[in-house]
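# Observations on the three-dimensional arrangement
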Amino acid sequence: QHRFLHIICATHHTVNANERIIAKNTMPQSIDLDMGAENGQSKSEEASKSEEALFTFTFHVESIRLFAHIGLFFVFAQGALITSYSGLDSIPDEEATEIFRIFAFNHTCNWIDHNPARMIAAILVPLYTVPTLGYIIFTHLRLARSVKKGEVPFWLLQTSRILSPFNFLAVALLHLWFVNNPDGEYGFVAHYIPYLLFQLALTFMGMMNVQYLIYKNELPFGVKPSIGWAYQGIFAALTFISIVGVITILAGTI
């Protein structure tokens, strides 16, 4: 009888041990109630946000800049047509402009310096400025995300934090290019300053973009990084030469 009870007790302990093993394997090792609450809350927030969103879409940042440059093309194209072929009395002879007096030749600014081409260009210029302002913001956000992922160095983001506000302001003030006519009351200097800021902004945006593509290894057409660096140097040098040249000519003629 004692042997029978011993067998029953041993069997009972074995069953309990097996149950504990099964329970240990099926139950999670630890339960973080706070984490579970946060996950549940974040999922509910994401669900509510997705339900509130009317629509979502995905686009490439560079498509914004492409649209902006197409808009700028139309600004100058209408100016070229009106200035060159309209024959209006409001458009002076090519050799009678302030730009020709200073530089001894007319450049593309002459296409949008005289009404009605000037007025139409001022109306159309937001086709360039508005997308470009968005491009500056989105490229900075793209850069911040890439830095967070470790794809590009942190110094590039720091540089963008300095240059992006300048670029944004320079593009936002581009309309002064049309407000201050070179033949107007304030002369060519007031006309040139907005363009000078715009020229610098284009240089900074181009260099930042090339740097981003170099570190992401996404230069088009299989271009080597060394070519990208050379392009930045040449572009910056030409911009510097252009600015120094204009300022030198203005100093000698005004």
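Report follows, based on the coordinates. Throughout this document, residue positions are counted from 1 along each chain, in the order its sequence is written. The predicted origin of the model limits local features to residues at a pLDDT of at least 70 and limits the giving and counting of side-chain atom pairs to 80 or more, whereas totals for whole chains, interfaces and linings rest on all residues. In computing side-chain properties, one takes all heavy atoms of the structure into account and sets aside hydrogens as well as water.

## Here's the deal with the overall build of the chain
When helices and strands are tallied, the chain shows 10 helices and zero strands. Think of it this way: any DSSP run of H or I at least four residues long counts as a helix, any run of E at least two long counts as a strand, and we number them from the N terminus. In the chain, the succession of helices and strands from N to C terminus is α-α-α-α-α-α-α-α-α-α. A separation of at least 24 residues holds for 71% of the contacts in the chain among residues at least 6 apart in sequence. All accessible areas in this document rest on Shrake-Rupley with a 1.4 Å probe, and a residue is counted as covered only by the protein chains that are shown. Element-wise, carbon and sulfur atoms account for 66% of the exposed surface of the chain, whose accessible area totals about 16900 Å². Here, two residues are considered to be in contact whenever any of their heavy atoms come within 4.5 Å of each other.

## So, the nonpolar core
Think of a nonpolar core as a cluster: buried Ala, Val, Leu, Ile, Met, Phe, Trp, Tyr and Cys residues, connected wherever their side-chain atoms sit within 4.5 Å. Any residue under 20% of the maximum accessible area for its type is buried, any over 50% is exposed, and the rest in between are partly exposed; the area is computed with a 1.4 Å probe on protein chains only. Ranked by internal contacts, the top residues of the largest apolar core, which has 22 residues, are Phe 178, Phe 188 and Tyr 192. Not counting chain neighbours up to four residues away, the residues in contact with Tyr 192 comprise Gln 199, Ile 243, Val 246 and Leu 250. Of all hydrophobic cores here, the second largest spans 12 residues; its members include Val 147, Val 152, Leu 163 and Leu 213.

## A word on the side chain of Ser 160
For Ser 160, the position within the fold is in helix α7 (residues 154–172). The residues touching Ser 160, leaving out its near neighbours within four places in the chain, are His 140, Leu 143, Pro 165 and Met 208.

## Things to note about unusual backbone geometry
Each neighbour pair has its own omega, and for Asn 115 with Pro 116 the value is 5 degrees, a cis peptide bond. Topologically, Pro 116 is positioned in the loop between α4 (98–103) and α5 (117–124). Phi is positive for Ala 104, which is not a glycine, with a value near 70 degrees. For Ala 104, the position within the fold is in the loop between α4 and α5. For Ala 104, a relative accessible area of 56% gives the class exposed. Even without a glycine there, the phi angle at Asn 217 is positive, about 60 degrees. Tracing the chain through its elements places Asn 217 in the loop between α9 (187–216) and α10 (225–253).

## So, the side chain of Thr 239
Secondary-structure assignment places Thr 239 in helix α10. Judged by its relative accessible area of 9%, Thr 239 is buried. Sequence-distant contacts of Thr 239, that is, excluding residues within four places in its chain, are made with Gln 199 and Thr 203.

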